[in-house]
Amino acid sequence: MLKEYNELIFEISQPGHVSYDLPENDVPTYDLTKDLPEYLNRQEVAKLPEVSELQLVRHYTALSNKNFGIESGPYPLGSCTMKYNPKVNETIAALDGFSQIHPQQEPETAQGALELLHNLQEYLAEITGMDHISLQPAAGAHGELAAILMFKAFHEANGEGEQRKNIIVPDSAHGTNPATATVAGYETFEIPSTKEGIIDIEALKQVVNEETAGIMLTNPNTAGLYERDIQEIVDIVHEVGGLAYYDGANSNAIMGISNPGAMGFDAVHLNLHKTFTGPHGGGGPGSGPIGVKANLEAFLPVPRIEKVDEHYVINSDYPQSIGRIKGNFGNFGVNVRAYSYIRTMGADGLTQVSKDAVLNSNYLKARIKEYYDVPFAQHCMHEFVVSCKRQKVEHNVNAKDIGKRLLDYGIHSPTTYFPLIVEECLMIEPTETESIRELDQIADAFISISKEIKEDPEIVKQAPHLTSVRRLDETTAARKPVLTYQASLQ
């Protein structure tokens, strides 16, 4: 039996071991410590681990093998679109002309990179039905914030900055939506969902008024349902002078079929690290471009990339802009990957992505709906939700237990306990990149676990059993986190 590799890098350290040994430097060097305040200079040599190159490689390889990623197995994390990242995108992003340039060099020396970014803006504008795009935002929530700050600038320019105080969000919204509105200085009004899982139109009518700055929502919504009254919703907000923002996290369900512009929205953000196959997870990097209609164009972040004749320039001469929201032009490498993906797929391919995502989701829901409660009868889009309330009431097994047991089947857990409108919720998104073989693997695992819950619930409640790290004491981890390795400080 193979030994489990659980040692920390400091525990395998031995004095005198080095990973790489260079000859003594015979070139005069400048002492950088002379330019630093004394309190910033280290008083003692850093106590770093001493390991050989082979030990170092084995250590990090072992760590990587403990992680579960999309290349390990199915990863049906609802609302996050954890789908395969084509390796051709990685190859293109690594080309010298993209990976070896500096964001501060003169635009004349980076025309190829600027052309790519400008073209990407044009592609995203067409996909979303927007008039203008900024690539600056670093990820989804950052794109949201940029859009809502533009809403604020718009209302202020119209002399209604003090009047417009509220942002409306559905109770099924992504959690970042109300957080974004609060950070931007607005009060949030929550709109309930109907029993069908979509926005309650009558409740919306009761809330909108001359103080409404805008509404934030996604379509399809977080329950994976298409808001069939979407144009009426937008019209209701527009009639009182508010603006409509589209959270584009679920865009992989509608590409080539519909778009936020056609639905009447004023602004949208896209998650390139989700819909357009940038690597996703592990804290980033992400990319969350924003698109706007012509009424908000003056407020886009600067600098902006523009084409003058056959030359690409960087222009900051927009006095009403909300300003720079990130250094340079977002996470450039993710943008390159998204550009590669769009060019590879083409218009027909992106449309097929959406069709396959919706097909896969409905197929998986159909296979497991007899074993888990499906709260909404409407056909789902790219994702769907099930409730594990019955399993909890009858066998004291909750949604989190089921998610952890899936790891023993080689499948990552879906999103648990979200959206909040569904009790003991699992939000499942199989994505279009899974074949029917993998979809059946996921369905068979869910069905098998449902039988285990009836016959031997403890095996599910104590899961996972086959991972390198068993179930953690989450309460202690949250209340008493250990953030340093004490032995390294002795």
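Look up: the structure comes first, before these words.
What counts, and at which threshold
- Residues numbered from 1 in each chain as written.
- Predicted model: local features only at pLDDT ≥ 70, side-chain atom pairs only at ≥ 80, totals over all residues.
- Heavy atoms only, no water.
- Helix = DSSP H or I, 4+ residues; strand = E, 2+ residues; numbered from the N terminus.
- Rg over C-alpha atoms; globule rule 2.2 N^0.38 Å.
- Buried < 20%, exposed > 50% of the residue type's maximum accessible area, 1.4 Å probe, protein only.
- Contact = heavy atoms within 4.5 Å.
- Areas by Shrake-Rupley, 256 points an atom, 1.4 Å probe, with all protein chains shown as cover.
- Lys, Arg positive; Asp, Glu negative; His and termini not counted.
- Charge placed at Lys NZ, Arg CZ, Asp CG, Glu CD.
- Patch = residues over 30% accessible without salt bridge, like charges linked within 9 Å, V, L, I, M, F, W, Y side chains within 5 Å.
- Salt bridge = Lys/Arg side-chain N within 4 Å of Asp/Glu carboxyl O.
- Axes fitted to C-alpha atoms, helices over the stretch in contact; angles between N-to-C directions.
- Parallel < 35°, antiparallel > 145°, perpendicular 65-115°, else oblique.
- Left-handed = near helix turned anticlockwise from the far one by under 90°.
- Nonpolar A, V, L, I, M, F, W, Y, C, P; charged D, E, K, R; others polar.
- Pairing = 2+ DSSP bridges.

Peer 1: Could you give an account of the overall build of the protein, with specific residues and numbers?
Peer 2: Across its full length, the protein carries 15 helices and 12 strands. For 490 residues, the compact-globule estimate of 2.2 N^0.38 gives 23 Å, and the C-alpha radius of gyration of the protein, at 25 Å, lies within 12% of that figure. With the C-alpha coordinates of the protein rotated into their principal frame, the extents come out at 75 × 70 × 45 Å. The buried share among the 490 residues of the protein stands at 47%. Residue pairs in contact within the protein that sit at least 24 positions apart in sequence constitute 71% of those at least 6 positions apart. For the protein, the exposed area adds up to about 24600 Å²; of that, 53% sits on carbon and sulfur atoms. Mean positive and mean negative side-chain charge positions of the protein (40 and 67 charges, respectively) differ by 7 Å.

Peer 1: Describe a nonpolar patch on the surface, listing the residues and the values that go with them.
Peer 2: Judged by side-chain polarity, Leu36, Tyr39 and Leu40 come together as a nonpolar surface patch covering roughly 370 Å² of accessible area. Along the chain, Tyr39 falls in the segment before α1 (53–66). Residue classification places Tyr39 among the exposed positions, given a relative accessible area of 68%.

Peer 1: Residue-level account of the packing of helix α5 (residues 140–157) against helix α6 (residues 176–183), with values.
Peer 2: Where α5 contacts α6, the two axes come as close as 9 Å, and the packing angle between them is 45 degrees. Considering the angle they form, α5 stands oblique to α6. As for how α5 packs across α6, the hand of that crossing is right-handed. Contact with α5, carried on its side by Ala141, Glu144, Leu145 and Ile148, involves Thr176, Asn177, Thr180 and Val183 of α6 and no other residues of that element. Partitioning the contact of α5 with α6 into residue classes produces 4 nonpolar, 3 polar and 1 charged.

Peer 1: Provide a residue-level description of unusual backbone geometry, including the pertinent values.
Peer 2: For the bond running from Val302 to Pro303, omega is 0 degrees, close enough to zero to count as cis. Omega for the bond connecting Ala463 with Pro464 falls within 30 degrees of zero, at 5 degrees, which places this linkage in the cis form. Positive phi outside glycine occurs at Asp309, with the angle close to 60 degrees. Asp309 gets classed as exposed once you look at its relative accessible area, which sits at 70%.

Peer 1: Break down the sheet that holds strand β3 (residues 187–191) for me, with residues and values.
Peer 2: Spatially, the 7 strands line up as an open sheet ordered β1-β7-β6-β5-β4-β2-β3, and their pairing is mixed. With partners counted over all chains shown, the strands left at the sheet margins are β1 (132–134) and β3, one partner each. The average angle at which neighbouring strand axes cross in this sheet is 20 degrees, direction not considered. Strand direction decides the pairing type here: strand β5 (residues 243–248) and strand β6 (residues 267–270), joined by 4 bridges, are parallel. Within the sheet, the bridge partner assigned to Gly248 lies in β6 and is Leu270. Each of β4 (212–217), β5, β6 and β7 (290–292) is contacted by α5, which is oriented at about 170 degrees to β5, the strand it contacts most. Each of β4 and β5 is contacted by helix α8 (residues 230–239), which is oriented at about 160 degrees to β4, the strand it contacts most.

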